Structure formats: C-alpha cells, structure tokens
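Structural overview for review
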There are 2 protein chains.
Amino acid sequence: MISSLISSHRPTLPPEVTIRDVGPRDGLQPEEPVSVADRIRLIEALVEAGLKRIEAVAFVSPTAVPAMAGAGEVLAGLTRDPSVRYTALVPNLRGAELALSAGVDELTVTISFSPTYNQRNVKMTVEESETVISGIVEVADSCGVPVDAVVSCSFGSPYEGNADPPEVVALAQRLADRGVTAMTFADTTGMATPRRIHDLVDALETHFADRSRNGQGPADAWMQDVGLHLHDTRGTALANALAALERGITRFDTAIGGLGGSPFAHGAGGNLATETLVATLDDMGVRSGVDVHALVAAAALVEDLVGRPVPSGVAHHGPRQGHQA
Amino acid sequence: MISSLISSHRPTLPPEVTIRDVGPRDGLQPEEPVSVADRIRLIEALVEAGLKRIEAVAFVSPTAVPAMAGAGEVLAGLTRDPSVRYTALVPNLRGAELALSAGVDELTVTISFSPTYNQRNVKMTVEESETVISGIVEVADSCGVPVDAVVSCSFGSPYEGNADPPEVVALAQRLADRGVTAMTFADTTGMATPRRIHDLVDALETHFADRSRNGQGPADAWMQDVGLHLHDTRGTALANALAALERGITRFDTAIGGLGGSPFAHGAGGNLATETLVATLDDMGVRSGVDVHALVAAAALVEDLVGRPVPSGVAHHGPRQGHQA
C-alpha cells in the first residue's frame, strides 16, 4: 500500500563523504595473523582505490593481539602517499609514543560508553580511560597529530542495554575538553538502527546548539569532525549509514570486504563493507573519491589473505551496472 | 563531519506495515527439496509468529522446480488459519486452476520488466506474459481470488541495465487494466538502491496523481496495494525497504532467514530476511504484527531444513536488546 499520510520527499543528501577504511586494523585484528608484507599490500591497494584515510595498524601488545604485531614494520614498509592520512589505534601512552615515533598522521583511541564493556575490553573504568586519553592527547599534541576518540557501544551494549544519547554526547564533550579533536561513534555490537542514529544526531544537534548559544562553539573542533563506525551484526549497517547521511553526518569508518566479524560464524557481521557503502553512494551521486572497482579488487585480495570469502555482496557481484553514462 | 547544509528532520513513518513471507516459496525454491511435512511445519511456524500473508507454494512443473513439487499436498495438509492469506505463485493458466482448486487465498504471477530476463525465465515475450496473466486473472476473478503481479527486474537487469521508472509504472498499469489488483515491484537481481526506490515512488506518485486528475483513480485497485519484493544481493535490501517506508510504501515481501539466494555462494544475498525487517521496525515503533522471537525460532527451523546457516544476522544474534519496557 502507499500510505497517503506520508509526505513524499526524497531526502537531501550531502554532496560528499569521507571514508576511513579500518580493514587493515579492525578488519584483520580478529583474523589469523597476516604477514607484514601482505598488510602493506592491502593498505597500498586501498590507497590505490582512492582512500585518503586508513586505519593501518594498532600499537597493541603482540601477545594479546598477534594479528597486529609489527605495526612499526608495516608503517616503515609503506610507500607513504602524502595525501593519505595513515592512522594507528593506540590503547595507552606507550602505544601512542611508538605510533608517533613511527610517524602516523592520526591516532585513534577507544573508550566505551558501556562501563562493563570498557572494563572487559581494557580493564579500566570509563573515567580511567578518560585519563589515559588525556595523556595520549598531550603527547600527540606535542607532535601536532590529531586524536580521534572512537566511542564504542554508543548505541547500547549487551550489558547495560540502550545508551542514553545525551549521556553519550556528554562523554564525547568530556573527551573534547581533554583535547580530542574528532569523535567517532561506534556501534560495536550491532545495536544501532536508523531510529537510534536519529536519536544520537538529535542529541548532538541539541548539544551543539546549546554550546553555540553559550559562545562555546568555536572552541569545539570535534563539532566539525563527527563520524560513525558501524558494524553489520544485525544487517542494519548500511541503513544506519544512510540515515546518518540524511542527517548530515559525512564521515564513516568502513572495512574493505566487510571484515571484522568473527571469522567462524555465518551472519556475524563485521564492519560495514567499504565497497557496499561506496557502491550505494555512487548510485546516489554522493562523492567519496573512491573507485568501487578498485575496492572489489582489494576485497579479492582480502579473501586471499584471510583464506575465505568476505561477507560483502558487492565484493562478489560487483556494483550494480546501470549501463548509463 | 556534520554538514550544516542538511535540514535535520527525522522522517515520518507509517504506523504499520504488511509483510508477506515468501520463504516457503521463493526461499525454498532454489534449495534441495524439503519434504511436504517440513514445508507445512515452516508455514505453520510463520503463522505462529503472526504473519498474515504467506507465499506458501508454487504450482510449477515438478520437473523444472523439484523443490516446489507437492504444492497441493502442502495446502491440503495445512491447518488453515482463516485470518491468514495463503498465496500460490502460478506461471500459467493450468497452475492457476490447480491453485484455485486447492483453495488458495491469493495468486501471485510474475512478469519481468526486462524482456531478456522474461524470455530466459519463462520463454515468452513480455507481451505474451501479459496475455497469460489476463487469462489467469479471468479464472481467479471467477473464484473471487485476487491476483498480485510481481514485476521482476523493476529496478534494472543485468541485460538491459537500469529500468526506466515511468515505463515500469506503465507496465504495472497495463497489468491493472487486465484486472490485476495488487502490484509488487521486485528487485530480482539486487539493482535497487534507495535512490532507485525514490525514483520509482516518484513515478508512481506522478502516475497516480495523473490518473486521479483524469477521474480514473477509483478504478485502480492496485493504487491501494503496492508492495516491494527486495533481494539483498548487494547488501541494500533493508536500506531500500526503509527508503520505501519513508515514502509511504507499507507492504513488503521478505523471507524467513533471508533465504532465496544461491545456496552455494557466500554473500549471494537472498530475500530481505523477515526477522531483519521486523527487528528494525520494532525498534522504530512501526507495527508489523509479527513476533521477532518467534521468527528467530522459525529461522532456526529453516537452518535445520536446508542444512546450513541462513545469512541473517538477527537469526543468529537475536534482535537488539534495549532492556527497556
């Protein structure tokens, strides 16, 4: 049926988006270790495809996360493209110092809105993580390197249930007050839906409007750099990204091939696949600067590296072919 | 980033939708044959979950489609719930007569907007298929049974590329003129994107407005019964459904578990999974009358029947748990 109650407007979309491919980090992290040389090949394939932001490595304990060992070697082995921002995830000050020595262009730090998740993930309270981030920002600042805080469980967690959007925004503001210059809200466990995306954007808009009214706006760099990091656990990642896009969010973390879920469970859902988002944006006329056919080739490389098919449909079927100019 | 160019409105949604589960037909059709008893179990599980419309069988050649053999036995063996509309797909007059004898509540007929696809699928031109549908409508009418035309390749085909929305609508109107009372636009090969959904809804609105202006509106039953049949080949099915919902489309074909793709290819993408749509609608406060937990149980039954995991994330992870009332 077509409901006559509905006003018939196609949404207005932003003209372009920024995509950060996190496949080499969030994608490969749960996999069997891939060689440094192959990780470099993958990163360079992503650069070749046109990606300008890539989460390339994590400076974490190789004992805890064997797949991320050799971060320094990966960065040293890359032929760096000066137009690309190479990012490293760092969990602590030591990791930040290593990453900065290796010459990364950006740091990502994670903190969870869920106290239980944070405790399980990094064995710290949320407040302790905030303090760690302060220290990281300080050393990064001294090198002129920006820090993006990835707020995991921004849409809820299996432990505490729904996340209250104003409280998520309040955590982000506390991080901004500590010097974080970009904020990425992450749907770590697939709890986001378009409704929850709208709820968070509502809370962001209210918060930003309040700050502007109080003359605090210009100090808030993060207001200009809000992104989403979406997982496809429940099949909602693309719908969530498009809902966010319709509300003006224009930065997205994605992973080539949709890597990042459990390698063993069907339907486990990794990150939103870069090629799925780009194919959809291409069809809607939203520029990403990324070539979808090169992404399909990179996804095939990923399959070689991890030794099994990736979950993305676009990787296997290619983008839709309209046969038009 | 949050683009200041974007007006910040959350879309208005219809209060409720109608879902037709096509799993027992479109879902099981490409699979190894499942017994009549098990197909009945599946249909009854879907009824138990609250589905009021189910594409239960196809009256097609058992030689051509072994998985659909025994349609009459399935219908005869069901404990029919009078509140449920049991549908049969029929390819020709003979199939329609068998289905009507078996007491179905609705017939679906398929015709492709793509001449090449139609030729390959049913070895007829589109015009020949229109004539066949005329004959089917005539016998169905004499039994008071409605006929829904499923227009495949409504968003394009691999053969001819994009489908021109006004031409798709013109085909639908020709079918309506032949007595079809409901129209379901199908994305057979995963060519739909939210942009293409909006394009088709635009064309429908223009067409309906023109008909109304000319006083032809009241004769057009199908204007009140437009649905979408979406496949997840390229990961866009849920996003497409939600775009359509935002434009007032409130009837959807889905398949339990996301069945319906190739059983052999990863990421092949069957139908939009019923549980994925229902979980998302539940979270947005849009009523479907279907219980998502019962769907998850039915998806587990599907996995038993087909002997492998279904592609749906909700089937494996359950719906999001907000812990709220």
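Counting of residues starts from 1 at the beginning of each chain's written sequence and follows it residue by residue. In the order they appear in the text, chains get letters beginning with A and ligands get numbers beginning with 1. With pLDDT at 70 or above as the cut-off, local features in this predicted model cover only qualifying residues; side-chain atom pairs require 80 or more to be listed or tallied, and sums for whole chains, interfaces and linings still use all residues. Each side-chain value is derived from all of the structure's non-hydrogen atoms; neither hydrogens nor water enter the calculation.

**Thoughts on the packing of helix H8 (residues 194–213) of chain A against helix H9 (residues 237–246) of chain A**
Residue and element names in this part refer to chain A. Fitted lines through C-alpha atoms serve as axes, helices being fitted only where they are in contact, and the angles separating the N-to-C directions of these axes extend from 0 to 180 degrees. The way it works is that DSSP assigns letters per residue, a run of H or I at least four long becomes a helix, a run of E at least two long becomes a strand, and they are numbered from the N terminus. Between H8 and H9, whose axes approach to 8 Å, the crossing angle comes to 35°. Where H8 crosses over H9, the two elements pack in a sense that is right-handed. For the pair formed by H8 and H9, the contact residues are Pro194, Ile197 and His198 on the first element and Ala239, Asn240, Ala243 and Ala244 on the second. Tallied by class, residues from the contact of H8 with H9 come to five nonpolar, two polar and no charged. Each crossing gets its handedness from the near helix: less than a right angle anticlockwise from the far helix is left-handed, clockwise is right-handed. In what follows, residue pairs with any heavy atoms lying within 4.5 Å of each other are defined as contacts. In this count, Pro and Cys sit with the nonpolar residues alongside Ala, Val, Leu, Ile, Met, Phe, Trp and Tyr, while Asp, Glu, Lys and Arg are called charged and the others, Gly among them, polar.

**Quick word on the sheet that holds strand E1 (residues 18–21) of chain B**
All names here are of chain B. Pairing between two strands requires that DSSP report at least two bridges joining them. Pairing in this closed barrel of eight strands is parallel, and the strands run E1-E2-E3-E4-E5-E6-E7-E8 around the ring. In this sheet, adjacent strand axes meet at a mean angle of 25° when their direction is disregarded. Here strand E2 (residues 53–58) runs beside strand E3 (residues 85–89); their pairing, made up of five bridges, is parallel. Among the inter-strand pairings, Glu55 is bridged to a residue of E3, identified as Thr87. Where helix H2 (residues 36–49) meets the sheet, its contacts fall on E1, E2 and E3, and the angle it forms with E2 comes to roughly 170°. Its contacts with the sheet place helix H7 (residues 165–177) against strand E4 (106–112), strand E5 (147–152) and strand E6 (182–187), and it is angled at close to 145° to E6.

**Points about the confidence of the model for chain A**
Averaged over chain A, the pLDDT score is 92; the fraction of residues at 70 or greater is 93%. The ipTM for the predicted assembly is 0.93, set against a pTM of 0.95. Every residue is assigned a pLDDT by the predictor, reflecting its confidence on a scale from 0 to 100.

**Digging into the side chain of A:Glu31**
All names here are of chain A. Along the chain, the position of Glu31 falls in the loop between helix H1 (23–27) and helix H2 (36–49). Buried residues are those whose accessible area, probed at 1.4 Å on protein chains only, stays under 20% of the maximum for their type, while exposed residues exceed 50% and partly exposed ones sit between those limits. Residue Glu31 is classed as buried on the basis of its relative accessible area of 8%. N or O atoms within 3.5 Å of each other form a polar contact, as long as, within protein, one can give a hydrogen and the other can take it, and as long as residues adjacent in sequence are counted only when both atoms are side-chain atoms. Looking at Glu31, its side chain comes within polar contact range of the side chain of Arg308, at 2.8 Å.

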